[in-house]
Amino acid sequence: MIKRNPLVLGNKTLKDVSDDICAPVESMPSGGWLAMFLSAKALFIYYIISIGILISTGIGLLGVNNPIGWGTMIVTFVFWIGIGHAGTLISAILFLFRQKWRTSVARTAEAMTVFAVMTAGLFPLLHTGRPWFDYWLLPYPNQRGPLWTNFRSPLLWDVFAVSTYATVSMVFWYIGLIPDFATLRDRAQNKTRKLIYGILSMGWRGSSRDWSHYEMLYLLLAGLSTPLVLSVHTIVSFDFAVSNLPGWHTTIFPPYFVAGAIFSGFGMVITLMTLVRMGFPQFKDYITIDHMEVMNKIIMTTGLLVGYAYASEMFIAWYSGNPYERYAFLNRALGPYAWSYWIMVSCNVLSPQIFWFKAARRSIPVMFVVSIFVNIGMWFERFVITVTSLHRDFLPSNWGMYGWSWMDTSILVGSFGMFFTLFLLYLRLFPAVSIAEVKPVLHVGKDVKGGHHG
Amino acid sequence: MAKYQSGIAGIWLEEDKILEAARKCQSLGFKKFDTITPYPVHGMEEAMEIKRSNIPYVTFVAGLMGCLSGLLLTWWTSAVSWPINVGGKPMFSLPAFIPVIFELTILFAALLSVAALFYLCGLPKINPPLIDPDLTSHKFALFIPKGEVGYDENKITELFKQLGAAEVKKVAEY
């Protein structure tokens, strides 16, 4: 029989688990955290100022033009929303598949989802150009007819998909946090902390009758989130696929986008987890090298899927016999934006191949570098899809180049400031590993007597 | 809230012992007792004969409601209230409405299921009395309220001690 590796290292007692996981919340921040937080915060402030300038002056400060009406904002929107998908995959899909290793990474991955969706959600709202009219996206009774939203438009589907996704993943995350907030409340030594976590825990006491309902709800939310997460990136891909532009109008888009989203999301999970392990060494017993290895295997698998999609797109473009379709793909690989295409291919398809070697899968520096490459590659994938398809469509008289400006850079880089500010605050305010979910898996891979079986 | 009752609680340090204690209390015919654990203990539902949660029914009905409201919203706005010809498509173009209907189904099902949990567990509770602050960390408790059938303080204390309780205490309010 193959022996399972323990999911939690060291012979932890239940109390050790609570102590270890609550420690970052209950102690003063380290210098490293403070330095990272201040840099992220500075970047976030820069982002806010950039957005202020962008709103007050206009969307023309970005490189968007005719024919390239969709630029950095849409590219970065798809990038961040894709990152969110790995969190839901870990928290919901792996839960349904009874993958016990997910317990120690689920909380942080879900936090990543929530913050990535928050970061992403801003872009389409700002990209409307007049964000003060964004409430027009919602079907509300009005005095212009009433004139309703166009439910046949993929952009409106996206409004519903992204807002549902944001709501449900936040609720799912919060439900998971309630018992852990109760733990923090009961451990609190001072009044303010007791009050804050008391409110957040909603008075949870851990009665077995409550746990029975709780576990049922958790299962249901996992079951609801699974089709939801697949639908979200499917609908994001519809934004492109439902148009008739060569390079966008393909049926492969939904599965291709979902695979890419999971790929990029796991890239970001690895980046964040290596940092968390560095910053909070006691978490190394919970987020072990085994966990990282499993995630690297997923990165390699989805990387291959994405590579297959690139090849399939090329083949179908040729096989379709449609000259515009053929040209769009030849232009991607050989045209003026060929550099971005080849950055995408080398980062997404070539760099994860190193994970065929076990030593690489288990090496923190190697996986950190690969995860950064994956993040870069997946941003470029969305750039390739959006910009290279738009810049040369049917009529050569309608061709152009994207006018990348300093504002594009500010928006792209600044969004990382927002994401990391939220994420770093989360690490110090919320338990970063699920306390109540880790305790039942303490015995996995060890010989311990207990009420568990299986 | 006046729902809190006094009673007697035993505290255990091991998961298997609380399971056994729960089984014992169930077999003695106690009905209103409760166990308090830091995490969902596997096998506790069988030990205490807790019925399967009713939340799935709420989820199903809520999902159906979401689905129907999505259908009504898209149909009424696009085909009745202000019909507009978009690209020659039918006024009631169902395939195009499916994404919105689907998202509303999920949204209603998820939010109302959460509301059902809050209702069934009586959350939020404002500053509820606790038996022991370690019960959300590493201890397990079994609480028998005063209103329990055959409630006898001395007998229960004896029973808890036999079952290996680390501590037995009178609880004024839980």
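Since this is a predicted model, take the numbers as computed values, not measurements.

## Describing the domain arrangement of chain B
Logical step 1: Per the domain assignment, the segments making up chain B are domain 1 (7-52 + 129-171) and domain 2 (55-121).
Logical step 2: Computed over C-alpha atoms, the centres of domain 1 of chain B and domain 2 of chain B are 44 Å apart.

## Quick look at the sheet that holds strand 3 (residues 140-145) of chain B
Residues and elements named next belong to chain B.
Logical step 1: Strand order in the open sheet made by the four strands is 2-3-1-4, with antiparallel pairing throughout. Two strands bound the open sheet, and with one partner strand each, they are strand 2 (34-36) and strand 4 (167-171). This sheet shows a mean twist of 25° between the axes of neighbouring strands, independent of strand direction.
Logical step 2: Note: strand 2 against strand 3, three bridges, orientation antiparallel. Across the sheet, residue T35 finds its bridge partner in strand 3, namely L142.
Logical step 3: Packing against the sheet, helix 5 (residues 153-162) makes contact with strand 1 (7-12), strand 3 and strand 4, and its axis sits at approximately 5° to strand 1.

## Quick word on the packing of helix 7 (residues 208-241) of chain A against helix 8 (residues 253-279) of chain A
Residues and elements named next belong to chain A.
Logical step 1: At their nearest, the axes of helix 7 and helix 8 sit 8 Å apart, and the two run at 125° to each other. The angle between helix 7 and helix 8 falls in the class oblique. Judged by the twist between their axes, the crossing of helix 7 over helix 8 is right-handed. Across from L230, H233, T234, V236, S237, F240 and A241 in helix 7, the residues of helix 8 making contact are F253, P254, F257, V258 and A261.
Logical step 2: Tallied by class, residues from the contact of helix 7 with helix 8 come to nine nonpolar, three polar and no charged.

## Here we look at helix 7 of chain A
Logical step 1: For helix 7 of chain A, with 34 residues, the first-to-last C-alpha span of 49 Å sits near the 50 Å given by 1.5 Å per residue.
Logical step 2: The buried fraction of helix 7 of chain A is high, at 25 of 34 residues.

## Digging into the interface of chain B and chain A
Logical step 1: Each side of the interface is counted separately: chain B has 58 residues, and chain A has 55 residues.
Logical step 2: When residues of the side of chain B that touches chain A are traced back to their parent elements, those giving at least two are helix 1 (15-27), strand 2, helix 2 (44-47), helix 3 (55-81) and helix 4 (94-121) of chain B.
Logical step 3: In terms of residue class, the side of chain B that touches chain A is built from 35 nonpolar, 16 polar and seven charged.

## So, the packing of helix 3 of chain B against helix 4 of chain B
Residues and elements named next belong to chain B.
Logical step 1: Across the interface, helix 3 lies against helix 4 with an axial gap of 7 Å and an inter-helix angle of 145°. Here the hand of the crossing between helix 3 and helix 4 comes out right-handed. Judged by residue contacts, I55, V58, T59, A62, G63, M65, G66, C67, S69, G70, L71 and T74 of helix 3 engage F97, V100, I101, L104, T105, L107, F108, A109, L112, S113, A116 and L117 from helix 4.
Logical step 2: Residues that form the contact of helix 3 with helix 4 fall into these classes: 16 nonpolar, eight polar and no charged.

## Here's the deal with helix 4 (residues 102-127) of chain A
All names here are of chain A.
Logical step 1: The end-to-end C-alpha distance of helix 4 is 36 Å, a good match for the 38 Å that 26 residues give at a rise of 1.5 Å each.
Logical step 2: Judged by how many residues are buried, helix 4 sits mostly within the fold: 21 of 26 residues are covered.
Logical step 3: Note on helix 4: the residue one or two positions beyond its end, G129, has a positive phi of about 90°.

## Let's talk about the confidence of the model for chain A
Logical step 1: Of the residues in chain A, 98% have a pLDDT of 70 or more, and the chain-wide mean is 91.
Logical step 2: Confidence over residues 448-454 of chain A falls short of pLDDT 50; this stretch has 14 contacts with residues more than four positions distant or in other chains.

## Looking at the confidence of the model for chain B
Logical step 1: Mean pLDDT over chain B: 89, with 99% of residues reaching 70 or higher.
Logical step 2: In the predicted assembly, ipTM is 0.93 and pTM is 0.93.

Cut-offs used in this document
Counting restarts for each chain, with residues numbered from 1 along the sequence as it is written. For naming, the first written chain is A and the first written ligand is 1, with later ones following in the order written. pLDDT decides what is reported in this predicted model: residues at 70 or higher carry local features, side-chain atom pairs at 80 or more are listed and counted, and totals for whole chains, interfaces and linings draw on all residues regardless. Boundaries between domains were set according to an automatic or database domain assignment. DSSP bridges decide pairing: two strands pair if at least two such bridges lie between them. Strands are runs of DSSP state E lasting at least two residues, helices are runs of H or I lasting at least four, and both sets are numbered from the N terminus onward. For helices, the fitted line uses only the C-alpha atoms of the stretch in contact; every axis is such a line through C-alpha atoms, and the angle between N-to-C directions lies from 0 to 180 degrees. The contact criterion used is a C-beta to C-beta distance within 7 Å, with each C-beta placed from the backbone. An angle below 35 degrees is read as roughly parallel, one above 145 as roughly antiparallel, one from 65 to 115 as roughly perpendicular, and any other as oblique. Should the near helix be turned counterclockwise from the far one by less than a right angle, the crossing is left-handed, whereas a clockwise turn marks it as right-handed. Note on residue classes: Ala, Val, Leu, Ile, Met, Phe, Trp, Tyr, Cys and Pro are nonpolar, Asp, Glu, Lys and Arg are charged, and everything else, Gly too, is polar. To estimate the expected span of a helix, count its residues, drop one, and scale the result by 1.5 Å. Burial is judged by counting other C-beta atoms within 10 Å of a residue's own C-beta: 20 or more means buried, 12 or fewer means exposed, and anything between counts as partly exposed, with every C-beta placed from the backbone. Think of pLDDT as the predictor's per-residue confidence, scored from 0 to 100.

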